[in-house]
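Secondary and tertiary structure notes
What follows is each chain in one-letter form.
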2 protein chains.
Amino acid sequence: SFSVPQRICRHASKVIGRKKGFINKSMGITELICSADMATGVKMGVVCGLYGGAVINLGSPEQVERLYVPVTVSSKHFTSFCMTCFPLCKGPMSWKPEFLYNPSSKLGRCEFIIHTPCEDAQKMYIGNAMKGNYAAVFAQLIINGESQGPHCFVVPVRDQYGVMWPGVTATDMKHKEGLHGVDNGILIFDNVRIPRENLLDKFGSVSADGRYSSPIRRKGDRFNAMLAALTPTRLALTVQAMAAMKVIVSTSTPTSFGPKDQDEVKIIEHQTQYLRLMPHLAATLALTFTTRYTAGLMDDALCQGEDLQSNRPLQALVAGLKAYSTWANVACLQECRECTGGMGFMMENRIPSLKCDSDVFVTFEGDNMVMLQVVVRELMMQYTRQFEDSMVAGLIRNWTSSVSDSLRTSFLGFSVDKIGDLNFLLKALSYRERVLQRSLAARLHAKINKSKEEFFSAWNSCLHHVTSLALAHIHKVTLKLFALAVQECQVNDDRDLLTKFCLLHGTSLVYQERAWYLEHNYFSPGASRQIRSQLLELCKSVKDDALKVVADFNIPPCCIQAPIAGVAKPGAEWAFYPQPQSPTTQPHTQQRATSKL
Amino acid sequence: SFSVPQRICRHASKVIGRKKGFINKSMGITELICSADMATGVKMGVVCGLYGGAVINLGSPEQVERLYVPVTVSSKHFTSFCMTCFPLCKGPMSWKPEFLYNPSSKLGRCEFIIHTPCEDAQKMYIGNAMKGNYAAVFAQLIINGESQGPHCFVVPVRDQYGVMWPGVTATDMKHKEGLHGVDNGILIFDNVRIPRENLLDKFGSVSADGRYSSPIRRKGDRFNAMLAALTPTRLALTVQAMAAMKVIVSTSTPTSFGPKDQDEVKIIEHQTQYLRLMPHLAATLALTFTTRYTAGLMDDALCQGEDLQSNRPLQALVAGLKAYSTWANVACLQECRECTGGMGFMMENRIPSLKCDSDVFVTFEGDNMVMLQVVVRELMMQYTRQFEDSMVAGLIRNWTSSVSDSLRTSFLGFSVDKIGDLNFLLKALSYRERVLQRSLAARLHAKINKSKEEFFSAWNSCLHHVTSLALAHIHKVTLKLFALAVQECQVNDDRDLLTKFCLLHGTSLVYQERAWYLEHNYFSPGASRQIRSQLLELCKSVKDDALKVVADFNIPPCCIQAPIAGVAKPGAEWAFYPQPQSPTTQPHTQQRATSKL
């Protein structure tokens, strides 16, 4: 398992100078590795994305040379990343684990002392905790008794022979639902001494005589800047979820084209079967184009030397995608498991193991509920920015445009023949986002400014509204970027095929929220019923293209690893293998239909 | 693991005479065993419910004495049940595994020969296949070259030392997503000879000279009668799913009442947290009362000597409950896993293992999609029965009452103040069922009688409609039976508490389908928004009673087995244990609030 990280890390090292396309290439590599084995992908993410990302983005060039290149690129060391604390602990700004600056140590050199003062301050769920040699640890930086907020330090954990660094204790957290290949543990630091030079000092440094300085004044902003630098790692999580969806959709779809007897009805012909599977295939395509576009945005920003912390819309987009994609993954894998019956419960078909491996994504590296709130904080900032300081004037001005919106769009509600149009779907999703944004702003304004409610109480009583808005925003983004990809497609046949799946994705998103559209008189009851018919029709019409799309995912059989998809598996000779099918439905040998997926 | 089945089987044996309350008691025992360990519960289900149920219900008193009492009740033997065939095989009426009657064997006695003629005829996913001594096997009965349809035979598989019966091969199907304690395998029979007396002969017997006779003329009816006898086992599956829900809700709820610091906001106070958890708690209560009532119906029927095969409504109810409850289980466990964050992913908290164990329920012992079709077949039969032979007249007559229905109920749509009323919710659910039933009948009639479509094609093009109707029916049933239980509750405090949860269950069911109600003008947009507010309000208001209800599930700590619920677990000392909480929120030591759950 060392050889893959080595190659990737070399690649990473070469492009520390941020060559064009670095993020997009990294995401491609992440997808491939996760298709082969999710635990390897996650371990890689910890080593290169989290530890590596911390050193590269939060460290000085000297620190990158000293702490990244020899540690990560050599692949002689495993590394880990310690952010998560005790589950019920307060937020990072009041974290308990701490670094004390100790200017005159016994050894005559300046040091930091890292210490875990109480149980709540233990670092939990740390990937590579039982194998890692170095850890990038976030903790309060305390100088002369004053906290400067969380900072990141590289702490030695154990040497290459596995001997623990003095004062560090690692406890195995043992068995999990999945990701059995990842060693998660608890790290406890008992007055551990580390050199002063191990504080990653891009956003805050300490001089030899103990003076703290930072380019950013507010502690909160400083920590946010550090988190922003890890945005690419968060996008990688969306790619990991998407990789699992591609593998499982590619596993389940061919099976639905049985049974083999010519005179029997194929499983895929059952209305419920194609209705359950096809929207997930469309969502997988939408995620493919969305992540590629988002990685491109990141590449552009980094190429232009832009720091990610100033690009809040991009951070919000990545947070929202993380939540949307990991839930889409859970829903997709569960449906595929059910649509393949008892075979989907058998380990040899890989569906259950990928289901268990990827289940953690919804809560790790930022719980999805928190991610959605990140999205909405940005949407609210954008919204209030329009109105300068007069919130009330803004609300009134906006109320007018809201009314005209409703008038314009309720007309659409009647012209049911337009529903099949992609523009109709895009408009519907944008409308929902806009109305939810406006009404949330108005509700918060009324609660906080008028009724003088505390912020937490006001925000909390709108939390259902908040999460609806965040998802509405991300739904719109995925459809927009899918539509853009369709538009840019140069091959006619491919464009026609993708258009159908794009329509299906949009129809499925609108169908899910049709109650909201009816409540807002955006749809007439007739239009809503039409949306359902359209969903059924589109699912039926794309099902015959499903094998083409799956073949274009181009996942090597060694990654599919499932007898039910017709891939031979040593050690599972007794498993169910479908008989070779007619050439038009042969899995994984299909002529590629679309140019690049 | 032998001691538990032994006790249960003795109990079963004593009551073969069908004493009052037998089914309800069996379900209680099933629930308890599944709370402790799902794999043991499933193995027990195979031994007592499936093998035992087959012999008791399909065999003669002599066969019960010979094949059930010494085999199952002694607990010296493991048994299995072979119905499921090759995954893509045709339905049971065209099954390939076969029994040939062989009146003059070498040994001079009448025998059957059981044979697996081809790969498709292998018996797959058989529980206890790697340990079982006897199997109840379903296969085509062929006499003089003519098939009499599927019948059930007791076939020896291996002796008490594990030596295989001549001609029987068992292949381990190895690893699954969950239920690791259950040995599933493939059974293949190569001209296996078994005595004539091992054909369970209640619904079909063969005389020594090879003459077949049966009390039921049509082959299809015969097989349906055999399946009907297994209805109690299907209800047990609902109880198993409910047991998992109770354990996991009891595990996750107390955790949400952290963190321990008095000055911090408890997790349960977050709107999204109580909105995610409370409807599942309400559904768990609804299932508790629904299964108890259904088991009571079965007890009454059996006490009155009624055969279950004639009671199609009961069979449909049990099929629908199986689908509803097992999906409710998947949704509940996933939400609980997410609401407990990383802790819900850790094996020591039992959430992931129960999630993996119970995931198979949605497809085994009858795929949920098939179960829903069983429900609708019965609803359609009931519907057409009203109209004697004139389908068209019936449709027209009914159309009139449909219009008046719509008029009567659209009035309700405006009186939004009535929404909090249980009657409003019950009426709404009944209305949806009735309209879907009527419109499905009309659609099928138009397709089959007027447009002369083939039945499969007509039925298949309505499959989404079919599954919606089936779930609408079961939703109504669960709310009705929950309401009945509330009404019968004698303790005032308990009744008040249960009323709130019953309202929540109904509101949550109606909320899920509010788009449909809006499409049918049953709700005004305002009423629909009111339903959402009511859902939020009810979830908020019941959250403080959640710990009382969970305490009343009265699950022993040894079944909870989760550090996050405050239950000490040997071997997981490093796990997260919540600090003892204030007496009012102490988990599992709560004073019992409701009399009996």
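Every value quoted in this text rests on a predicted model; they were computed, and no experiment measured them.

1. Here's the deal with the interface of chain B and chain A
Contacts between the two partners involve 75 residues from chain B and, on the opposite side, 75 residues from chain A. The interface formed by chain B and chain A contains ten salt bridges. A salt bridge links Lys355(B) to Glu177(A), with the nearest nitrogen and oxygen atoms 3.2 Å apart. A breakdown of the residues in the side of chain B that touches chain A according to their chemical character gives 32 nonpolar, 19 polar and 24 charged.

2. Description of the pairing of strand β5 (residues 134-143) of chain A
Residue and element names in this part refer to chain A. Of all ten residues that make up β5, nine are buried, and the element is covered over most of its length. Bridge analysis of β5 against strand β6 (residues 146-156) gives nine bridges, and the strand direction is antiparallel. The partner of Ile143 across the bridge, within β6, is Glu146. Taking the residues that link successive antiparallel strands as the turn, the β5-β6 hairpin has two residues, and the phi of Asn144 there is positive, at about 50°.

3. Digging into helix α7 (residues 271-303) of chain B
All names here are of chain B. Taking 1.5 Å of rise per residue, the 33 residues of α7 would be expected to cover 48 Å, and the 48 Å separating its terminal C-alpha atoms lies within 8% of that figure. With 28 of 33 residues buried, α7 is to be regarded as a mostly interior element. A positive backbone phi angle near 70° is found at Gly305, which sits one or two residues after α7.

4. Looking at the sheet that holds strand β7 (residues 168-172) of chain A
Residue and element names in this part refer to chain A. Spatial strand order, β4-β8-β7: three strands in an open sheet with antiparallel pairing. Edge positions in the sheet fall to β4 (123-127) and β7, since each has one partner strand and no second. The average undirected angle you get between the axes of adjacent strands in this sheet is 35°. Strand direction decides the pairing type here: β4 and strand β8 (residues 184-189), joined by three bridges, are antiparallel. If you follow Lys123 over to β8, its bridge partner there is Leu187.

5. Some points on the relation of the copies chain B and chain A
The operation relating the pair of chain copies consists of a rotation about an axis and a translation along that axis. Expressed as a screw operation, the relation of chain B to chain A combines 0.0 Å of axial shift with a rotation of 180°, fitting to an RMSD of 0.0 Å. Such a combination of turn and shift is consistent with a two-fold rotation axis. Proximity to the rotation axis, assessed at the C-alpha, singles out Ala515(B) in chain B; its C-alpha lies 2.0 Å from the axis. The share of interface residues of chain B whose copies in chain A are also at the interface is 100%, consistent with both copies meeting through the same surface.

6. Digging into the state of the cysteines
Residues and elements named next belong to chain B. Scanning the entire structure with this criterion turns up zero disulfides over all chains. We note that Cys336 lacks a disulfide partner, and the nearest cysteine sulfur, in Cys332, lies 4.2 Å from it. With a relative accessible area of 0%, Cys336 lands in the buried category. No disulfide involves Cys502; its sulfur sits 12 Å from the nearest other cysteine sulfur, which is in Cys489.

7. Here we look at the packing of helix α7 (residues 271-303) of chain A against helix α14 (residues 463-488) of chain A
Geometrically, a packed helix pair is captured by the angle between its two axes and the distance between the axes. Residue and element names in this part refer to chain A. As a packed pair, α7 and α14 sit with axes 8 Å apart at the nearest point and diverge in direction by 80°. Relative to α14, α7 is oriented roughly perpendicular. Taken together, the residues of α14 that come into contact with α7 (itself represented by Ala282, Leu285, Ala286, Phe289, Thr290 and Tyr293) are Val477, Thr478, Leu481, Phe482, Leu484 and Ala485. A class-by-class count of the residues in the contact of α7 with α14 yields ten nonpolar, two polar and no charged.

8. Focus: the pattern of salt bridges
With the rule as written, the count across this model stands at 41 salt bridges over all chains. Between Arg532(B) and Glu519(A) there is a salt bridge whose closest N-O contact spans 2.8 Å. Taken together, the positions of Arg532(B) in helix α17 (residues 525-542) and Glu519(A) in helix α16 (residues 514-519) put the pair across two chains. The same class applies to Arg532(B) and to Glu519(A), which are both buried. Of the charged contacts, one joins Lys543(B) and Glu269(B) as a salt bridge, the two residues approaching to 3.4 Å between their closest N and O atoms. Placement of Lys543(B) in the loop between α17 and α18 (546-553) and of Glu269(B) in the loop between α6 (231-255) and α7 is noted, with a sequence separation of 274 residues between them. With relative accessibility at 5%, the residue Lys543(B) sits in the buried group. By relative accessible area, which is 28% here, Glu269(B) ends up partly exposed.

9. Some thoughts on the confidence of the model for chain A
Residue and element names in this part refer to chain A. Looking at chain A, the pLDDT average stands at 84 and 83% of residues meet or exceed 70. For residues 1-15, every residue scores under 50 in pLDDT, and the model assigns this stretch 25 contacts once sequence neighbours within four places are set aside. Note that residues 399-417 has pLDDT below 50 and, in this model, 21 contacts with residues that lie over four places away or in other chains. Taken together, the chains of this predicted complex give a pTM of 0.90 and an interface ipTM of 0.89.

10. So, unusual backbone geometry
Here Lys452(A), not a glycine, exhibits a phi torsion of approximately 55°, which is positive. By the element assignment, Lys452(A) lies in the loop between α12 (422-450) and α13 (455-461). For Lys452(A), a relative accessible area of 64% translates into the label exposed. Although it is not a glycine, Asn554(B) sits at a positive phi angle of roughly 60°. Tracing the sequence through the fold places Asn554(B) in the loop between α18 and α19 (557-560).

11. A short note on the environment of Asp357(B)
Looking at the element boundaries, Asp357(B) is found in helix α9 (residues 351-358). Considering only alpha carbons, one finds Asp357(B) and Lys176(B), 181 residues apart in sequence, at a separation of 9.1 Å. Setting aside chain neighbours within four positions, we find Asp357(B) in contact with Phe345(A), Met38(B), Gly178(B) and Leu179(B). At 2.6 Å, the side chain of Asp357(B) forms a polar contact with the backbone nitrogen of Leu179(B).

12. Points about the side chain of Ser256(A)
Residues and elements named next belong to chain A. By secondary structure assignment, the location of Ser256 is in the loop between α6 (231-255) and α7. Residue class for Ser256 comes out buried when judged on its relative accessible area of 2%. Excluding anything up to four places from it in sequence, Ser256 contacts Lys266, Ile267, Ile268, Gln273 and Leu277.

13. A look at the packing of aromatic side chains
Going through the model one piece at a time under the given rule, you end up with 26 aromatic pairs over all chains. Taking 5.4 Å as the distance between ring centres and 45° as the angle between the ring planes, the aromatic pair formed by Tyr517(A) and Tyr522(A) counts as tilted. Each member of the pair Tyr517(A) and Tyr522(A) is classed as buried. With 4.9 Å between their ring centres and 75° between their planes, Phe112(B) and Phe153(B) make a pair best called edge-to-face. Note that Phe112(B) is positioned in strand β3 (residues 111-115) and Phe153(B) in strand β6 (residues 146-156), a separation of 41 residues in sequence. Note on Phe112(B): relative accessible area 0%, which makes it buried. Relative accessible area serves as the criterion here: at 0%, Phe153(B) is assigned to the buried category. Among the aromatic residues, those joined into a cluster by ring pairs are Phe424(A), Tyr431(A), Trp516(A), Tyr517(A), Tyr522(A) and Phe523(A). Arg432(A) extends its terminal NZ or CZ atom over the ring of Trp516(A), reaching a point 5.2 Å from the ring centre.

Reading the values: rules and limits
Residues numbered from 1 in each chain as written. Chains lettered and ligands numbered in written order. Predicted model: local features only at pLDDT ≥ 70, side-chain atom pairs only at ≥ 80, totals over all residues. Heavy atoms only, no water. Contact = heavy atoms within 4.5 Å. Salt bridge = Lys/Arg side-chain N within 4 Å of Asp/Glu carboxyl O. Nonpolar A, V, L, I, M, F, W, Y, C, P; charged D, E, K, R; others polar. Buried < 20%, exposed > 50% of the residue type's maximum accessible area, 1.4 Å probe, protein only. Helix = DSSP H or I, 4+ residues; strand = E, 2+ residues; numbered from the N terminus. Pairing = 2+ DSSP bridges. Expected span 1.5 Å × (residues − 1). Axes fitted to C-alpha atoms, helices over the stretch in contact; angles between N-to-C directions. Least-squares fit on C-alpha atoms with pLDDT ≥ 70 in both. Disulfide = S-S within 2.5 Å. Parallel < 35°, antiparallel > 145°, perpendicular 65-115°, else oblique. pLDDT = per-residue confidence, 0-100. Polar contact = N/O pair within 3.5 Å; in protein donor to acceptor, adjacent residues only side chain to side chain. Phe/Tyr/Trp six-rings, centres within 6.5 Å; stacked < 30°, edge-to-face > 60°. Lys NZ or Arg CZ within 6 Å of the ring centre and 35° of its normal.

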